[in-house]
Each structure stands twice: as structure tokens, then as C-alpha cells.
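# Observations on chain architecture
Spelled out, the chains give:
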Amino acid sequence: MMNVAIMGYGTIGSGVAEILETNKEIIARNVGQEVALKYVLDLRNFPDSPVADKVIHDFSIIENDPEVQLVVETMGGLNPSYPFVKACLLAGKHVATSNKALVAAYGTELLKIAREKEVNFFFEASVGGGIPIIRPLYRCLMGEKILDITGILNGTTNFILTKMDKEGWAFDSALKEAQRLGYAERNPEADVEGHDTCRKLAILTAMATGKEVNYEDIYTEGITAISDVDFRYADKMGMSIKLFGASRVGRDEMVNAYVAPIMIDRRHPLYTVSDVYNGILVTGNMLGETMYYGSGAGKLPTASAVVADIIDAAKHVNRNVVMGWSSERQQIAPMEANEFRYFMRMAGRPEEHLDSLMDFGPEEAVTLEGMDEFAVITKPMLEADFQEASAGLDRLIKFIRVER
Ligand code: HSE
């Protein structure tokens, strides 16, 4: 029998306990022996829950118990998750985490400790919730040079944008519903300002390049400025707006990466990825394009990925599985080096102002009934050129980048 400790009995941690119980026979069959929950570490007590007699409040009990070989970290945040995970690895225990903030900030160090201690630090659930994406990158695609990763990586914002787009919901009501359904981060700013997507993109990019990525190097813009009027235009143009995290490996191995709301048309493979679902397109140099799709957030889908990590660790209990990245830093190109087309909303009537947009090579202007404004989509432009050319446009209401 192998023993597991869960650190953090919130949405995901309680989901892990539930799956360990519900699927215990399948798990035992796959591991070759029973996997039992021994401790649940939390500040709170859960007297009416199935884990009531396993709850502890002292981390050192886990750290010092040689019977605990597998530890799940589902506390979120960096403190105390970072010192606790580090101590577990140093004590020779395997760790599975759903915590993208932890992996993005301390992944390099934690992976190194895991290698030195011949244990595993797994984080499948940290990106894409229940979607297999980390393991495909280091197993199924390990013979590929990854050229491109483009994803809808945050369930909360995709849920909000879908409700605004398809059902005319207000931003705040959609966010409240995402919180009620257990999708949103404790601080929803991390979702709506794009920080959660940014950390997930940094992890995927590091997995793809084998080098450490500093998430602070990635240009990040959230969805708070997206309005119902933008969606009215998008609808009229046969388009939608999604929060993308994208990384492209350039000619000189410099990676172009960004997080931003992007307008896409109906032919784009990610167009139909709606609600809490995430979708990730990965392009390999030999393989071409592949797509990964599924529940990007929520209790059981995310917990399912954590349990798969526990099983993988239990099957490699005496050895470190080679995966992750080194401490060499991956260079990220500035946002100005990226190329997009741009959706521009301009005040006034098109016939009076289209001339001032000639440099942008605009397509046909689109208007909305009852609005004294119009919109165009530009030719493909470098962000640096667009920023310079648009700086002098006093009638520009806003712009949204458009996938080329
Ligand atoms: N808040 C995150 C999301 C949870 O909405 O995608 C899953 O990482």
C-alpha cells in the first residue's frame, strides 16, 4: 500500500480525496497496489466530511512520516506551498500540484531538487485543468521541435466571454457565476487580468523549449476592457473574441509570446472552444498541428489530472522521470515584435474618416445601427508599427488584435 497526503482541502483537494475513494480500484489496478489517503493538511477542520479523521494542522507530521511517499499540493499561492513542497521533495517524497503560480515561480528549483532526490515533481493539473497537455509535451511529442503553442488557457475568462458573446450577460454577473461554479481564482483579478493565463503559458513554453521562462517577460493583457459593443461588431463580422496565450518560436530561437484578447473568425480551430472549456493548439515541426480540448477548470476535472500524476509517481517510485526544463533562461521577444491585424473602432462616420486610415490598409468599414462610430480591420502589421501609426489618431476609440 502507498500513502498519500493532501495539503489544502479546498475545491481541488477535496476533489482529489473524492477520486481516490471513488476510483480506488482503478487506481490500485494501474499502480499495482492500493493508494490510501493518510492525511489532509488544512487550517480548518471538516467534521462532517469523509476525511474528518485524517485532518491535521501540522505540516511536520507529513514531512517526518516515512510512510507518506506521495504528496498532493492544492493550497494555491506561494506561501506556504513553496516551503512545504520544497521540504517534501527534500524529504524524498513525490509531489503532484495543481498550482501554476508555484510552478511558474519556482518550477526550475523544484524540478532540480526532484532530479537530485530521484523523486518526481509533477504538475499536469497546473495547465488546462483536466486536459492532458503537460504529459503529451514530454511523452507523445518528445521527438518534436515545438514551433507554436496557442491556447485558451483560462476557464473563467472563457466562461465570461462566452456568456457575454452568446447570451448578452454583463461581465460582473458572468464572473460571479464562474466563482459560484468553483472556476475562478481566490482573487479573480488573476483570471480577468490575464495573469493566470500568463503563468500557464510560461509553463507550456518552458516545457516546449526546455528552458526556464520568466513569466514577467510575457506581455499580458486581460479582458476587462472588452465590452458588449465589441461583441456586436464581432458578431456582425462573423468573429468572436477569446483570451489567447500564445508562444511562437522564431527563426533565431527567440520566442514571441503574449497574452491578450484576440478576435478570431469562424474558421479558427479555437473558435468553438466555449464556456469553461480550454483548447490548446500545438504545432510540431514534423507532426504539424494538434489540438487538446477539455474542461479547463473545476473540481473533478482538475483533480483527475492530479490523481493521474499521483499514479505516475507511484509507478516510478524509485526514479525521476526526465521532464521539465533547465535553469538556462529562454529569451522572450518584446510585444512590439509581434505581428497582428487590428480591429479598430473609430468615432464618426466612415465616409468622413476612412482617408485617415489609408496607412493601415483597412478592409471594408462596418457600422452598428444607432452608433456614431465604425470599425475596420487593418492589414497585418508589426505591433511597433501599429502603435506608432495609431498614436496620432484622436478618433480611435479602441483596438483589439486580430489573429492573422
Ligand atoms: N482560475 C483558473 C481558470 C482555474 O479559470 O482557468 C484553473 O486553472
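Source: prediction; values computed, not measured.

Bringing the site of the ligand into the picture now. Neighbouring the ligand are the residues Lys 100, Asn 154, Gly 155, Thr 156, Tyr 183, Ala 184, Glu 185, Asp 191, Asp 196, Lys 200, Gly 296 and Ala 297. Measuring from an oxygen atom of the ligand, one finds a backbone N or O atom of Gly 155 at 2.8 Å. In the model, a nitrogen atom of the ligand is placed 2.7 Å from a nitrogen or oxygen of the Glu 185 side chain. Contact with the protein chains covers 94% of the free accessible surface of the ligand, which is 260 Å². Residue composition of the shell around the ligand, grouped by class: 3 nonpolar, 4 polar and 5 charged.

Before going further, it helps to examine helix α8 (residues 171-180). Inspection of α8 places Phe 171, Ala 174, Leu 175 and Ala 178 among the buried residues, and these make up the whole buried set. The buried residues of α8 occupy an angular sector of 100° when the element is viewed end-on, so they sit on one face. In this structure, α8 carries Asp 172, Lys 176 and Arg 180 as exposed residues pointing more than 90 degrees from its buried face. Looking at the buried side of α8, the elements it contacts are α7 (155-167) and α9 (189-192). Downstream of α8 by a residue or two, Gly 182 has a phi angle that is positive, lying close to 80°.

This part is about helix α14 (residues 383-390). For α14, every residue scored as buried is listed here: Glu 383, Phe 386 and Ser 390. Axial view of α14: buried residues confined to an arc of 60°, hence all on one face. Looking at the buried positions of α14, the neighbouring elements they touch are β16 (339-347), β19 (381-382) and β20 (396-402).

Moving on, we get to the pairing of β20. In the sheet, strand β11 (residues 255-265) pairs with β20 via 2 bridges, with the strands oriented parallel. Pairing of Met 263 across the sheet is with Val 402, part of β20. Sheet topology places β16 next to β20; 6 bridges connect them, and they run antiparallel. Across the sheet, Tyr 342 pairs through a bridge with Arg 401, a residue of β20.

Right, let's talk about the sheet that holds strand β4 (residues 68-73) for a bit. Strand pairs in the sheet, formed through backbone hydrogen bonds, run parallel or antiparallel to each other. The sheet built from 6 strands is open, its strands ordered β3-β2-β1-β4-β5-β6 with parallel pairing. The open sheet terminates on both sides in strands that have one partner only, identified here as β3 (55-56) and β6 (121-122). Of the pairings in the sheet, the one linking β4 to strand β5 (residues 94-97) comprises 4 bridges and is parallel in character. Within β5, the position partnered with Val 72 by the bridge is Ala 96.

Let us look at a nonpolar patch on the surface. A grouping of Tyr 277, Met 291 and Tyr 293 is seen on the molecular surface, where their side chains present a nonpolar patch of about 280 Å² in accessible area. Note on placement: Tyr 277 falls in strand β12 (residues 277-284). Among the residues examined, Tyr 277 registers a relative accessible area of 31% and is labelled partly exposed.

Taken as a whole and assessed by the stated rule, the structure comprises 14 aromatic pairs. Relative to Tyr 183, the ring of Phe 159 lies with its centre 5.7 Å away and its plane at 70°, an arrangement referred to as edge-to-face. Separated by 24 residues along the polypeptide, Phe 159 in helix α7 and Tyr 183 in the loop between α8 and α9 bring together distant segments of the chain. Each ring, one from Phe 386 and one from Phe 399, has its centre 4.9 Å from the other, and the planes form 70°; the classification is edge-to-face. Taken as a pair, Phe 386 in helix α14 and Phe 399 in strand β20 lie far apart in primary sequence, 13 residues in all. A relative accessible area of 0% places Phe 386 in the buried class. Exposure remark for Phe 399: the relative accessible area of 24% places this residue in the partly exposed category.

Cut-offs used in this document
- Here, residues in each chain are numbered from 1, in the same order as that chain's written sequence.
- Note on the predicted model: pLDDT of at least 70 is required for a residue's local features to be given, and 80 or more for side-chain atom pairs to be given and counted; whole-chain, interface and lining totals, by contrast, use all residues.
- For the side-chain quantities, the full set of heavy atoms in the structure was used; hydrogens and water were omitted.
- Throughout, near means a residue has at least one heavy atom within 4 Å of the molecule or strand.
- Polar contacts here mean pairs of N or O atoms no more than 3.5 Å apart (in protein, one a potential hydrogen donor and the other a potential acceptor; neighbouring residues in sequence count only if both atoms are side-chain atoms).
- Accessibility throughout is a Shrake-Rupley quantity obtained with a 1.4 Å probe, and a residue counts as covered only by protein chains that appear here.
- Each residue is assigned to one of three groups, with Ala, Val, Leu, Ile, Met, Phe, Trp, Tyr, Cys and Pro labelled nonpolar, Asp, Glu, Lys and Arg labelled charged, and all others, Gly among them, labelled polar.
- For the exposure calls, accessible area comes from a 1.4 Å probe over protein chains only, and a residue counts as buried if that area is under 20% of its type's maximum, exposed if over 50%, partly exposed in between.
- In this description a helix means any DSSP run of H or I spanning at least four residues, a strand means any run of E spanning at least two, and both kinds are numbered starting from the N terminus.
- To be clear, the arc concerns the directions from the helix axis to the C-beta atoms.
- Note on definitions: a residue-residue contact is assigned when non-hydrogen atoms from the two residues lie within 4.5 Å.
- Strands are labelled as partners when DSSP assigns at least two bridges between them.
- Here, patches come from residues exposed beyond 30% relative accessible area and free of salt bridges, joined within 9 Å for like charges and within 5 Å for nonpolar side chains (Val, Leu, Ile, Met, Phe, Trp, Tyr).
- Any Lys or Arg side-chain nitrogen located within 4 Å of an Asp or Glu carboxyl oxygen qualifies as a salt bridge.
- Centres within 6.5 Å are what make two rings of Phe, Tyr or Trp a pair, Trp counting through its six-membered ring; a difference in plane orientation under 30 degrees is then read as stacked, over 60 as edge-to-face, and the rest as tilted.

Honestly, that's just the spatial picture; any functional story needs more than this.
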